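Tertiary structure, described
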Amino acid sequence: MDYFLQQLINGLTLGAIYGLIAIGYTMVYGIIGMINFAHGEIFMIGAFISLIAFLILGPSGGGSVVLALMVVLLVSMLLTAVYGWALERVAYRPLRGSPRLAALISAIGMSIFLQNYVQLSQGARVKALQPVITGGMTLIEDPKFPVAISYMQVIIIVVTIVLMAGFWLLITRTALGRAQRACEQDRTMAALVGVDVDRTVSLTFVLGAMLAAVAGMMVTLYYGVIDFYIGFLAGIKAFTAAVLGGIGSIPGAMMGGVLIGLIEALWSGYFSIEYKDVAAFSILVLVLIFRPTGLLGQPEVEKV
Amino acid sequence: MTSATAAASDDDRAGLVRALREAGLTAAVAAALMLPLIGLHAASQSTGIVIRTRWPEMLIAVALIFGGRLALALERGGSPWPALIGGAVAIAAALLVPLPGEALVGLALIGGGVLCVRGAFSLARDWRGEAAAAPAAHLAKDFARYLPWLGAAMIVFAVALPLMPFADRRLLDLATLVVAYVMLGWGLNIVVGLAGLLDLGFVAFYAVGAYSFALVALNFDMGFWICLPIAGALAALFGLVLGFPVLRLRGDYLAIVTLGFGEMVRIVLINWVDFTHGPDGISGIPKPTLFGLHLTRRAP
């Protein structure tokens with residue numbers, strides 16, 4: 001039982017990170033109906049920018065750890081957002097209105113380009129960061145198997161919940177969220193009633209990139225090791241999470257992320273760590289076979 | 001008269017200001033993009049990671065981008081000369097001035113080339129009027145008529161390639177790879193092009209074919225010509241097994257599930273060490289023979 005609880009905590013942490021990336025996928029899919037395969041690379045760039053920011057601030061974090069965290073978070077969100085914006089502007093906007101496959105191939109191309117760009121500019125070696133936040137607390141004092149949660153895990157879960165709440169308010173309460181939902185339903189009609197579609201799509205990419213940057217920073221802090229290739233698997237997993245929750249649905253993306261994280265952690269804990277990705281994808285296949293629109297997705301009406 | 005020239009020069013100035021603003025914005029975005037990953041470098045050292053800077057490279061790149069965008073904006077505004085001259089200067093600088101970094105040389109060369117082409121095209125259009133675009137369509141039609149002949153010529157070339165004097169090992173290996181990719185492209189065209197199913201895990205079948213040939217040939221001591229249909233049949237069987245559950249899905253769900261399957265096959269092949277030798281791969285696969293002739297790379 002204690003072991004199970006521990007895996008639950010680990011899975012929840014992992015799932016929070018996947019969920020943050022998955023929101024970027026699901027938003028972009030909802031609004032322009034394409035799979036943004038380069039989103040995993042945006043996450044990787046966010047991780048690299050936060051690593052560099054931490055290195056510049058120095059091992060002490062410039063005096064106060066909390067302040068350093070805030071500064072790094074802001075810097076990496078801002079600079080990664082520029083990457084998200086430029087990605088949409090360069091690779092996707094010229095292809096809007098062309099066949100779906102064209103945009104998809106452009107996305108895969110951008111994904112490979114960004115991977116190689118970081119590999120060339122930052123080197124192919126694995127980058128390690130000394131732990132910034134250490135320590136934790138023991139939840140259950142069991143001599144056989146104490147259940148512990150580290151402060152880093154607490155921070156990840158709390159930040160994710162706060163961001164989700166803020167994001168939910170943004171989507172449901174603000175003019176931007178309204179424009180976004182309008183574009184999701186019908187882009188032409190939204191443009192006719194005065195919604196600036198290009199601006200809304202750009203902002204969607206910027207928001208997705210910001211959430212990916214947060215996830216990247218948390219991975220940098222949590223694992224302490226990143227390289228230029230982390231975006232690929234994280235991207236596939238997060239996309240799996242988005243599909244699992246029903247693509248286009250933001251609560252679904254978060255839920256899918258947590259589910260994927262839990263499946264991975266429990267599978268690694270009880271069966272084998274090598275096949276944890278296989279487990280995650282198998283669950284995805286099973287869910288899709290029995291519920292082809294994901295857990296919270298709306299059934300797609302095929303227009304003939 | 002004077003008022004007309006004044007208005008024209010006002011127009012010019014407004015166009016220049018607009019072009020300058022556009023170029024400034026582009027340069028600012030480029031600077032923001034390059035600041036963390038080009039300007040700063042987390043270099044791995046034996047003692048750990050240190051931050052190095054590459055400000056000169058980054059500044060030169062931003063300046064190149066500013067100039068290029070300015071010339072492009074002016075070209076769009078109707079004055080092709082800045083693009084032509086700027087492009088030529090960029091190419092000359094790339095060739096003559098020792099720029100720090102190969103990427104910068106590439107940027108200057110490619111950017112300069114694009115500028116020159118754009119400038120030359122717009123100059124040609126100015127001279128010949130709007131009809132300059134028409135010959136392109138004509139050219140495409142001619143090309144389509146000669147396409148079968150071109151294909152036949154290329155097949156002849158492919159057959160004759162190993163006998164050419166310039167055909168060395170590297171070239172022949174490359175040509176073999178090209179033909180293998182052509183075959184992959186055919187297969188993908190059946191699934192994606194003709195059936196319209198976006199299959200992102202297509203390479204899984206490539207892996208199944210390769211591994212089934214290698215394992216059957218090694219474990220059952222069979223020759224290439226028996227293994228060839230067996231490998232094909234096994235890959236087809238795998239496709240059938242995969243198709244039953246997956247083809248209930250459509251569109252992007254199909255895409256992600258096939259992507260997941262492709263990844264699963266890779267992970268299983270890497271981790272199932274007893275069966276596939278894992279990341280070491282399988283070596284010592286017998287070479288194919290043709291009626292007793294050994295098709296090895298060099299003469300026996």
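Residues numbered from 1 in each chain as written. Chains lettered and ligands numbered in written order. Predicted model: local features only at pLDDT ≥ 70, side-chain atom pairs only at ≥ 80, totals over all residues.

Overview of the overall build of chain B
Secondary structure assignment for chain B yields 10 helices and four strands. Along chain B, helices and strands appear, N-terminal first, in the series α-β-β-α-α-α-α-α-α-α-α-α-β-β. Its C-alpha atoms give chain B a radius of gyration of 29 Å, clearly above 19 Å, the size a compact globule of 300 residues would have. Buried residues in chain B amount to 23% of all 300 residues. (Helix = DSSP H or I, 4+ residues; strand = E, 2+ residues; numbered from the N terminus. Rg over C-alpha atoms; globule rule 2.2 N^0.38 Å. Buried ≥ 20, exposed ≤ 12 C-beta atoms within 10 Å, placed from the backbone.)

Some points on helix α1 (residues 2-32) of chain A
Residues spaced three or four apart along an α-helix point in a common direction, a consequence of the helix completing one turn every 3.6 residues. Residue and element names in this part refer to chain A. Taking 1.5 Å per residue as the helical rise, α1 with its 31 residues ought to reach 45 Å, and the 45 Å between its terminal C-alpha atoms agrees with that figure. For α1, the tally of buried residues reaches 22 of 31 residues, placing the bulk of the element in the interior. Just beyond α1, the residue with positive phi is G33, at close to 65 degrees. (Expected span 1.5 Å × (residues − 1).)

Quick notes on the packing of helix α2 (residues 55-77) of chain B against helix α4 (residues 102-128) of chain B
All names here are of chain B. Closest axis-to-axis distance for the α2/α4 pair is 11 Å, and the angle between their directions is 5 degrees. One way to sum up the angle between α2 and α4 is to call them roughly parallel. Packed against α2, whose contacting residues are E57, I60, A61, L64, G68, A71, L72 and E75, the element α4 presents L104, L107, A108, G111, L115, R118, G119 and S122 at the interface. Here the contact of α2 with α4 is built from residues that sort into nine nonpolar, four polar and three charged. (Axes fitted to C-alpha atoms, helices over the stretch in contact; angles between N-to-C directions. Parallel < 35°, antiparallel > 145°, perpendicular 65-115°, else oblique. Contact = placed C-beta atoms within 7 Å. Nonpolar A, V, L, I, M, F, W, Y, C, P; charged D, E, K, R; others polar.)

Considerations on the interface of chain B and chain A
If you look at the interface, chain B gives 29 residues, while chain A gives 33 residues. Mapped onto the side of chain B that touches chain A, the elements with two or more residues apiece are α1 (2-39), β1 (40-45), β2 (48-53) and α9 (251-271) of chain B. Residues that form the side of chain B that touches chain A fall into these classes: 22 nonpolar, four polar and three charged.

Things to note about unusual backbone geometry
Generally, phi is negative for residues other than glycine and the peptide bonds are trans, each holding for most cases. All names here are of chain B. At D221, a residue that is not glycine, the phi angle is positive and equals roughly 55 degrees. Residue position: D221 is located in the loop between α7 (203-219) and α8 (224-246). For D221, a count of 8 C-beta atoms within 10 Å corresponds to the exposed category. With a phi angle near 65 degrees, H277 is a residue other than glycine that sits in the positive phi range. According to the C-beta neighbour criterion, H277 is partly exposed, with 15 such atoms within 10 Å.

Description of the nonpolar core
By size, the foremost hydrophobic cluster in this structure holds 139 residues, and its most contacted members are I17(A), I21(A), F48(A), A215(A) and V257(B). Excluding its chain neighbours within four sequence positions, the residues that come into contact with F48(A) are V118(A), Q122(A), I226(A) and L37(B). (Core = buried A, V, L, I, M, F, W, Y, C linked by C-beta atoms within 7 Å.)

Notes on the pairing of β2(B)
Residue and element names in this part refer to chain B. Across the six residues that make up β2, only a small minority, zero, are buried. Bridge count between β1 and β2: six bridges; the pairing is antiparallel. Within the sheet, the bridge partner assigned to L40 lies in β2 and is T53. (Pairing = 2+ DSSP bridges.)

Points about the pairing of strand β2 (residues 136-140) of chain A
Residue and element names in this part refer to chain A. Counting buried residues in β2 gives zero out of five residues, a small share hidden from the surface. As paired strands, β2 and strand β3 (residues 147-150) are joined by four bridges and run antiparallel to one another. By the bridge assignment for β3, I140 is matched with V147. Between β2 and β3, which pair antiparallel in sequence order, lie six residues.

Section: the confidence of the model for chain B
Averaged over all residues, the pLDDT of chain B is 83; the fraction at 70 or higher stands at 92%. Predicted complex, confidence summary: ipTM 0.81, pTM 0.84. (pLDDT = per-residue confidence, 0-100.)

Description of the packing of helix α3 (residues 65-92) of chain A against helix α4 (residues 100-122) of chain A
Residue and element names in this part refer to chain A. Running from N to C, α3 and α4 cross one another at 130 degrees; their axes reach a closest spacing of 10 Å. One element, α3, and the other, α4, form an angle in the oblique class. Between α3 and α4 lies a crossing of right-handed hand. Between α3 and α4, the residues in contact are L87, A91 and Y92 and A103, S106, A107 and M110, respectively. Among the residues making up the contact of α3 with α4, the classes are represented as six nonpolar, one polar and no charged. (Left-handed = near helix turned anticlockwise from the far one by under 90°.)

Quick look at the environment of G256(A)
All names here are of chain A. Relative to the assigned elements, G256 resides in helix α10 (residues 250-270). Assessed through the 33 C-beta atoms surrounding it within 10 Å, G256 is described here as buried. Residues G256 and G15, spaced 241 residues apart in sequence, show a C-alpha to C-alpha distance of 8.1 Å. Those residues in contact with G256 that sit more than four places away from it in its chain are A22, A241, A242, L244, G245 and L295.

Brief notes about the environment of R169(B)
All names here are of chain B. Tracing the backbone through its elements, the reader meets R169 in helix α6 (residues 169-194). By the C-beta count within 10 Å, which is 9 here, R169 ends up exposed. Sequence-wise, R169 and P245 are 76 residues apart; in three dimensions their C-alpha atoms are separated by 44 Å.

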